[in-house]
Amino acid sequence: MRKNILLPWHKNLRYIIREIVDIAKQIEKIKPVYWENIWDPVEKWEKIPQWMKEIIKNACQIDEVYWYSPTRGHEKAINYIISKNPKLKPQDIIFFNWIWDAISKIYKALSFDSRIIGPNPAYPTHSSSEAAHANSFHLTYKLDPNNNWYPDLEELENKVKYNPNIVWILVINPDNPTWVVFPPYILKEFVRIAKQYNLFLIFDEIYEKLVFDEKDKINLADIIEDVPGIAMKWISKDLPWPGGRCGWIEVYNQDKDLNFQQFINTLLAAKMVEVCSTTLPQYVLPDIYESKEYKQYLQKRIEKYKKRASQAEKILNKNPNLKVIKPKGAFYLTVLLNLPQDYQPKISNPEIKKLLGPYLENTTRVDEKFCYWLLGETGVCVVPLSGFNTDILWFRMTLLEENDEKFERILKLIDSYTK
């Protein structure tokens, strides 16, 4: 090696959601695996409705969907978005290929000593990016599991007050991975703190259409006042079309701060370098959302996820070693672990025990070890949330299982293994 080619922050980049898949695939050669880690609705057997396929098929007959779209986004999609939100103008929209595209460009455009404070627990796409940018630990404010996962606003304000390098507050609503939907008074506090300390706001709202109760749905546009901010939107989960990798940012109040406006222009310039985002999903987005079938289709999915969440709460909360805080949106469930000191994990298959050995030795996190133990003995693959920048012991599973009996069987396997 002529010289070290690694950046000093390379170890901060980790995506444990994907890491456990490699292990589970090895175990699947020995025994059946219940894939409760999968966050892709289509891969988890949700059928794409025929009316949606017809819209996409018809669009594929139009030459325009094979063109480069404008860098900001296709005019058809942009005009549709601003028709639904009178606070936006065409210059307030930029399309990206998935959330990582937008997040990575935001951090590349950010000055080296500027920090974005985000929630803890934290979604790793956000936290890894922030940590890598700062070559430090991700800067966070606490979400409290003993208070419905609501943020510690006093802690947030103190951190903002005494750290002049904090320039943005990140809010994920519905939050990932806790699936809390923040009430209006909390969202308004984020705005107040940003306004008082001259900060910008980023709201990740990619699960907004999957909020269980419509009255709980409040977007950045509803409460931002005159604070400069960005809302992130995506189609991957609510259509669902994760392979479309299509989303956009909505920019608010860029005329209120020259520095913020210049930052947004930098994001646009960075997007110009790669020309544009994928055209087809943008082109069909208005047609899908405005289809007469869409609302009923979406509501049916939401009702299924609510039912699954209730099933899980009913079964798992009877176990003193587990705790479920019922989600308010999306199709995931987080389960807190309260394992006794004398808990003895069991992996009865010697081949699997040997396979898991190196992974178990490589981590000190109890929740990570637990997910390996659970996978090895029961075949249930869930995600340890140690990769979510928190010291809370817990794991995540999905609410996507189509078969009622199978889902209940999975819940009972988890329940029995933790007793």
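Here's what I pulled together on the structure shown here. (Residues numbered from 1 in each chain as written. Predicted model: local features only at pLDDT ≥ 70, side-chain atom pairs only at ≥ 80, totals over all residues. Heavy atoms only, no water.)

## Section: the packing of helix α4 (residues 98–109) against helix α5 (residues 124–134)
Two elements in contact, α4 and α5, have axes whose closest approach is 10 Å; the angle formed by their N-to-C orientations is 20°. Here α5 runs roughly parallel to α4, going by the angle between their axes. Considering how the two elements wind past one another, α4 and α5 form a crossing that is right-handed. Two secondary-structure elements touch here, α4 through W98, I99, W100, I103 and Y107 and α5 through T125, H126, S129, E130 and H133. (Axes fitted to C-alpha atoms, helices over the stretch in contact; angles between N-to-C directions. Helix = DSSP H or I, 4+ residues; strand = E, 2+ residues; numbered from the N terminus. Parallel < 35°, antiparallel > 145°, perpendicular 65-115°, else oblique. Left-handed = near helix turned anticlockwise from the far one by under 90°. Contact = heavy atoms within 4.5 Å.)

## Side note on the sheet that holds strand β2 (residues 93–96)
Across the sheet, which stays open at both edges, the eight strands sit in the order β2-β9-β8-β7-β6-β3-β4-β5 with mixed pairing between neighbours. This sheet does not close on itself; its edge strands, each paired only once, are β2 and β5 (150–151). One ladder, built from five bridges, connects strand β6 (residues 166–172) with strand β7 (residues 200–204); its direction is parallel. Among the inter-strand pairings, L170 is bridged to a residue of β7, identified as I202. Relative to β2, helix α3 (residues 75–84) is tilted by about 125°, and along the sheet it contacts β2 and β9 (247–252). (Pairing = 2+ DSSP bridges.)

## Concerning the packing of helix α13 (residues 366–378) against helix α14 (residues 404–417)
Packing of α13 against α14 brings their axes to within 11 Å, and their N-to-C directions diverge by 115°. Judged by the sense of rotation from one axis to the other, the crossing of α13 with α14 is right-handed. In contact with F370, W373, L374, E377 and T378 of α13, α14 contributes L413, I414 and Y417. For the contact of α13 with α14, the class distribution of residues is six nonpolar, one polar and one charged. (Nonpolar A, V, L, I, M, F, W, Y, C, P; charged D, E, K, R; others polar.)

## A short note on the sheet that holds strand β11 (residues 332–337)
Strand order in the open sheet formed by four strands is β10-β11-β14-β13, with antiparallel pairing between adjacent strands. The open sheet has two edge strands, β10 (322–324) and β13 (383–384), and neither has a second partner. In the sheet, β10 pairs with β11 via three bridges, with the strands oriented antiparallel. Counted as the bridge partner of L322 is L337 from β11. Contacting β10 and β14 (394–398), α14 crosses the sheet at an angle of about 170° to β14.

## Concerning the side chain of T418
Along the chain, T418 falls in the segment after α14. Among the polar contacts made by the side chain of T418, one reaches the main-chain carbonyl oxygen of D415 at a distance of 3.0 Å. With residues near it in sequence (within four places) discarded, T418 still touches N319, N321, L322, L339, Y343 and F370. (Polar contact = N/O pair within 3.5 Å; in protein donor to acceptor, adjacent residues only side chain to side chain.)

## So, the state of the cysteines
Counting across every chain of the model gives zero disulfides. Left without a disulfide partner, C246 is nearest to the cysteine sulfur of C276, which lies 11 Å away. We classify C246 as buried; its relative accessible area is 3%. Summary of cysteine pairing: C371 is not part of a disulfide, and the nearest cysteine sulfur, belonging to C381, is at 8.1 Å. (Disulfide = S-S within 2.5 Å. Buried < 20%, exposed > 50% of the residue type's maximum accessible area, 1.4 Å probe, protein only.)

## Things to note about the environment of R72
On the secondary structure map, R72 appears in the loop between α2 (50–59) and α3. With near-sequence residues (within four places) excluded, R72 lies in contact with I78, P90, Q91, D92, I93, I94, F95 and L268. A polar contact of 2.9 Å, which involves the side chain of R72, links it to the backbone oxygen of Q91.

## Some points on the packing of aromatic side chains
Enumeration according to the criterion identifies 22 aromatic pairs in this entry. With centroids separated by 5.8 Å and ring planes inclined at 85°, the aromatic side chains of W51 and Y297 adopt a geometry described as edge-to-face. Taken together, the positions of W51 in helix α2 and Y297 in helix α11 (residues 294–316) put the pair 246 residues apart, joining distant regions of the chain. Neither residue differs from the other here; W51 and Y297 are each classed as buried. (Phe/Tyr/Trp six-rings, centres within 6.5 Å; stacked < 30°, edge-to-face > 60°.)

## Some words on α14
The terminal C-alpha atoms of α14, which comprises 14 residues, lie 20 Å apart, in line with the 20 Å expected from a rise of 1.5 Å per residue. Of all the positions in α14, only F407, I410, L411, I414, D415 and Y417 are classed as buried. In this fold, the buried residues of α14 make contact with β1 (34–35), α11, β10, α13, β12 (380–381) and β14. For α14, the capping residue at the N-terminal end is N403, with a side-chain oxygen 3.0 Å from the backbone nitrogen of E405. (Expected span 1.5 Å × (residues − 1).)

## Concerning the pairing of β7
Counting buried residues along β7, five of its five residues qualify, which places the element largely inside the surrounding structure. Burial of β7 is two-sided: the residues F200, I202 and D204 facing one way and the residues L201 and F203 facing the other way are all buried. After leaving β6, the chain enters helix α7 (residues 184–196) and then returns to the sheet as β7, a path that is right-handed. Of the pairings in the sheet, the one linking β7 to strand β8 (residues 229–234) comprises four bridges and is parallel in character. Considered in β8, the bridge of D204 is made with M232. (Right-handed = clockwise from strand over helix to strand, strands pointing away.)

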